Amino acid sequence: MIEPDRTEWQVCCAFNAFCKRVLKNEAINIFNERQQRQAKEMTFSDLTPQEENQLYTLDKQYEGEEGQSFKWLERK
């Protein structure tokens, strides 16, 4: 069956609906990605001391040299 020619208004409406669907699907994708990322994230205050110690390393090359040093603040 041959479909009759669409009017310009019908084409605009179809394109409008398509664009809205694309935007809605993209918003859903972004929301799902954020949910997955939040499920994997952890705040520093939730870390155990052992996990905190795994977050940094000391450079052995400069060990023993005097210079600027930094101290970690302990959690309260």
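Calculation rules
- Residues numbered from 1 in each chain as written.
- Predicted model: local features only at pLDDT ≥ 70, side-chain atom pairs only at ≥ 80, totals over all residues.
- Heavy atoms only, no water.
- Helix = DSSP H or I, 4+ residues; strand = E, 2+ residues; numbered from the N terminus.
- Buried < 20%, exposed > 50% of the residue type's maximum accessible area, 1.4 Å probe, protein only.
- Disulfide = S-S within 2.5 Å.
- Patch = residues over 30% accessible without salt bridge, like charges linked within 9 Å, V, L, I, M, F, W, Y side chains within 5 Å.
- Areas by Shrake-Rupley, 256 points an atom, 1.4 Å probe, with all protein chains shown as cover.
- Salt bridge = Lys/Arg side-chain N within 4 Å of Asp/Glu carboxyl O.

Concerning the overall build of the protein
In step 1: Check the secondary structure of the protein and you find two helices and zero strands.
In step 2: By the burial criterion, 1% of the 76 residues in the protein qualify as buried.

Concerning the state of the cysteines
In step 1: Applying the stated criterion across every chain yields a total of zero disulfides.
In step 2: Free of any disulfide, C13 has its nearest neighbouring cysteine sulfur in C12, separated by 7.0 Å.
In step 3: The partly exposed category is assigned to C13, whose relative accessible area is 34%.

Digging into a nonpolar patch on the surface
In step 1: A cluster of nonpolar side chains, F44, L55, Y56 and L58, forms an exposed patch at the surface whose accessible area comes to about 470 Å².
In step 2: Mapped onto the fold, L55 is located in the segment after α2 (49-53).

Remember, this is a structural readout, not a statement about activity or role.
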